[in-house]
Amino acid sequence: MTRLDAGVAALKRAQTRLQRYKAAVLKTACEGRLVPQDPTDEPAPVLLERILTERRQQWEAEQHAKGKDPAKLKYKAPTPPNTDGLPELPEGWMWASLEQLSWNSGYGTSQKCDYDVPGPPVLRIPNIIGGRLDFSDMKYAINADELTPEKAVAEGDILIIRTNGSKDLIGRSALVRQTFEQPYFFASYLIRFRILNSTNIANWLTTIWNAQSIRSQIERMAATTAGQYNVNIAKLNRLVFPIPPSLNSTASWPKSSGGCRWWKGWRPPSPPTSTALSGCGRPF
């Protein structure tokens, strides 16, 4: 084996160890064990109460916008999560379902798209990479007549891949982190969830989205049809997430990490090292 072959092999081993290390960090964060807990932080149940109140207010506003009287309609409260078999969380934390944390969800457009047409941009599966949106491969709607403003994505939305031949890609997500000068829409292979309580909850969800505890839920609920894996809104509504204290505090969200207080002040122990790490080129 040449020195180059040995270097490539060492790099691959280092990348594998880094992935395992990252998975371990995510698992520890999801269990509230990454940093010592601050008893003065606002407990998650208090935050969830406000979220559920805001959720109902959003529903009432939607009914008013449709010319309906919400007082004459029945509001469907979100289903609490099934926590059977889940680990016990630290004091101040709680489990919550995606349905509880969102006020709206929907499927994308089935309008045909192409590269060199004058219609509005449509986000697709290739645009969801590593939890973020990648705009290097954009297509545009051929017929934009049915693409109304309320169907456009907005900052704080989470887009989720709902059907794919790859089990690894099913359920992968991206957070919309910016506003757009023109409307951007999303394709029918994606599902959009609109998250309550500003972008802090959405940031937290996408930070831990690839933790094994979340991935295992998604993979269990994914049905297969003709070689395609599928999830739907009803199934994704049942996803269960650990919610830490103080998510409502923007002071707990340093921009450099995209995390919350469980990350604040934390410094990682030395991960498995290799001389090949300097050429890895991929940030943690």
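See the structure shown above.
Definitions and limits used
- Residues numbered from 1 in each chain as written.
- Predicted model: local features only at pLDDT ≥ 70, side-chain atom pairs only at ≥ 80, totals over all residues.
- Heavy atoms only, no water.
- Pairing = 2+ DSSP bridges.
- Helix = DSSP H or I, 4+ residues; strand = E, 2+ residues; numbered from the N terminus.
- Expected span 1.5 Å × (residues − 1).
- Buried < 20%, exposed > 50% of the residue type's maximum accessible area, 1.4 Å probe, protein only.
- Arc of directions from axis to C-beta.

J.: Looking at this model, I keep getting lost on the sheet that holds strand β7 (residues 139-141). Mind explaining?
T.: Either a parallel or an antiparallel arrangement is found when strands of a sheet pair, and the pairing is made through backbone hydrogen bonds. Pairing is mixed in the open sheet, where 4 strands are placed in the order β3-β7-β4-β11. Each end of this open sheet is capped by a strand with a single partner; those strands are β3 (113-114) and β11 (185-186). Where strand β4 (residues 121-123) meets β7, 2 bridges bridge the pair, whose relative direction is antiparallel. Each residue of the ladder has a partner; that of Pro121, found in β7, is Tyr140.

J.: Explain the sheet that holds strand β13 (residues 223-225) here, please?
T.: Within the open sheet, the 3 strands sit side by side as β9-β14-β13. Their pairing is antiparallel. Each edge of the sheet is formed by a strand with only one pairing partner; in this case those strands are β9 (163-164) and β13. Where β13 meets strand β14 (residues 228-230), 3 bridges bridge the pair, whose relative direction is antiparallel. By the bridge assignment, Thr224 is partnered in β14 with Tyr229.

J.: Mind showing me how you'd approach helix α2 (residues 44-65) here?
T.: Side chains that are three or four residues apart share a direction in an α-helix, a result of its 3.6 residues per turn. If you check α2, its first and last C-alpha atoms are 31 Å apart, about what 22 residues at 1.5 Å a residue would give, namely 32 Å. Residues Ala44, Leu47, Leu48, Ile51, Arg55, Trp59 and Gln63 constitute the buried set of α2. Projection of α2 onto a plane perpendicular to its axis shows the buried side chains occupying an angular sector of 155 degrees, all on one side. Set apart from the buried face of α2 by more than 90 degrees, the exposed residues are Glu49 and His64.

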